[in-house]
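# Residue-level structure breakdown
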Amino acid sequence: MVKDRRKIQKNFYILSSITLTVLMIAAICIGRYTISPLDVFYSLINPTSFSDATIPVVVQEVRIPRVLLAVVVGAGIAAAGAALQAIFGNPLVSEHILGVSSGASFGAALGILTIGTTFGIQTLAVLFGFLAMYLTYKIARRRGRITVLMLVLAGVITSSVFGSGVSLLKYFADARNELPAITFWLMGSLASPSKETIIRTMPSILISLIFLYKYRWQLNLLSLDEEEAISLGVNVKRMRIVIIFFTTVIVAAIVSIAGVISFVGLIIPHFTRMIVGTDNKHLLPASMIMGAIFMLITDTLARSLTGSEIPLSILSSLLGVPFFIYLLRRTGGIWDD
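Residue positions are counted from 1 within each chain, in the order its sequence is given. Given that this is a predicted model, residues contribute local features only at a pLDDT of at least 70 and side-chain atom pairs are listed and counted only at 80 or more, while totals for whole chains, interfaces and linings are drawn from all residues. Here the side-chain values reflect all heavy atoms present in the structure, with hydrogen atoms and water set aside.

Our next topic: a nonpolar patch on the surface. For patch building, the residue pool is restricted to those with more than 30% relative accessible area and no salt bridge; the joining distance is 9 Å between like charges and 5 Å between nonpolar side chains (Val, Leu, Ile, Met, Phe, Trp, Tyr). Each accessible area is a Shrake-Rupley estimate made with a 1.4 Å probe; only the visible protein chains count as cover when residues are assessed. Here, a salt bridge means any side-chain nitrogen of Lys or Arg that lies within 4 Å of a carboxyl oxygen of Asp or Glu. A grouping of Leu 131, Tyr 134, Leu 135, Ile 139, Ile 157 and Val 161 is seen on the molecular surface, where their side chains present a nonpolar patch of about 510 Å² in accessible area. A helix here means a DSSP run of H or I that spans at least four residues, while a strand means a run of E at least two residues long, and both kinds are numbered starting from the N terminus. Elements supplying a minimum of two residues to the nonpolar patch: helix 5 (118–140) and helix 6 (148–172). The element best represented in the nonpolar patch is helix 5, accounting for four residues. Mapped onto the elements of the fold, Ile 139 is located in helix 5. The buried label goes to any residue with under 20% of its type's maximum accessible area, the exposed label to any with over 50%, and the partly exposed label to all in between, with areas taken from a 1.4 Å probe on protein chains only. You can call Ile 139 partly exposed: its relative accessible area is 40%.

This is the structure:
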């Protein structure tokens, strides 16, 4: 059984890596302006060979930054969901549980109303994402201790507060310009991934992913009963804070550049768990790969299906809900190996 599982895991890494590479190349080629793989290759090694500069510009300035951003965003959301499910010991937990997405959404909406610049919007989204996490932590703290139940309930409270704040900002927003901008932002999009945006936000996401990958061994222990984990030498309180901090960085940074993207952090870890098992040593990196694949497919469809771009949350929900129903029907709600 163990040998079979290891073989499945090895085959998964090989096939998923090949699939991701092929999809990245396809995503660069596919769009309302179709480009052949050969032209993509030449536009990278010798862009001056084209009499028309359109192809090199589209490949280097639009497609490649967007493809890279989709891969990192998908990997980040899926990893955050998998890590939170592990530390809470609950497969229905997602990256929205701590109120970070709601806080970051409020910050982005406030930035659209008050500042208007991309940098200002992203900065406020990250700051309010961390504020939401801090409020959740303070509300959940009782007599110097934090239980999982209190943390989840505090997250619900924080999400409700910032969700109401977003609704209030929408009410005061200008119906012609600001309200459509807030609404479109909250539905999720990778429509404008400039190089400056990637340089500002991608390092924080990648560093957080590296730390989550480093702590993937401890995630197995955090999923145990708290007293049992402590007896094995794990500082449960410290580890939970560390994991929550890095997932907050990931979620806040992603919301600041892409808005709120639904279902990825909930569905992808479930699907991956059915393939590689419940061991977070493999589950976390496998979820990153599957999240990247899912987001790459979703974003390519979003910008290619119609003349105008479809918001990511709409497509991720349309793809995710039926798939989640299928998983529930197949497993009966039992997600263990």
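Here we come to the environment of His 270. Summarising the element assignment, His 270 is placed in helix 12 (residues 264–276). With a relative accessible area of 0%, His 270 lands in the buried category. With 179 residues separating them in the primary sequence, His 270 and Pro 91 have C-alpha atoms 7.5 Å apart. Counting of polar contacts relies on pairs of N or O atoms within 3.5 Å, with two restrictions inside protein: one atom must be capable of donating a hydrogen and the other of accepting it, and residues adjacent in sequence are counted only when both atoms are side-chain atoms. A distance of 3.2 Å separates a polar atom in the side chain of His 270 from a polar atom in the side chain of Arg 273.

With that out of the way, let us pick up the packing of aromatic side chains. Here a Phe, Tyr or Trp ring, Trp counted by its six-membered ring, pairs with any other such ring whose centre lies within 6.5 Å, and the pair is stacked when the planes are under 30 degrees apart, edge-to-face when over 60, and tilted otherwise. Within this structure, the stated rule accounts for nine aromatic pairs. Between Phe 128 and Phe 162, the ring centres sit 6.4 Å apart and the planes meet at 80°, which makes this aromatic pair edge-to-face. Linking Phe 128 in helix 5 with Phe 162 in helix 6, this pair joins segments that are 34 residues apart in sequence. Ring centres of Phe 245 and Phe 246 lie 5.3 Å apart, and the angle between their planes is 75°; this geometry places the pair in the edge-to-face category.

By secondary structure assignment, the location of Arg 63 is in helix 3 (residues 54–88). Think of it this way: Lys and Arg go in the positive column, Asp and Glu in the negative one, and His and the chain ends go nowhere. For the buried Arg 63, no salt bridge exists, and the shortest N-O distance to an oppositely charged side chain is 8.8 Å, to Asp 299. In terms of polar contacts, Arg 63 uses its side chain to reach the backbone carbonyl oxygen of Ile 30, at 3.5 Å. Within the local environment of Arg 63, its side chain forms a polar contact with the backbone oxygen of Tyr 33, the two atoms lying 2.6 Å apart. Look past the residues within four positions of Arg 63 in its chain and what remains in contact with it is Ala 27, Ile 28, Cys 29, Ile 30, Gly 31, Arg 32, Tyr 33, Ile 35, Val 58 and Arg 303. By the convention used here, residues are in contact when the closest approach between their heavy atoms is within 4.5 Å.

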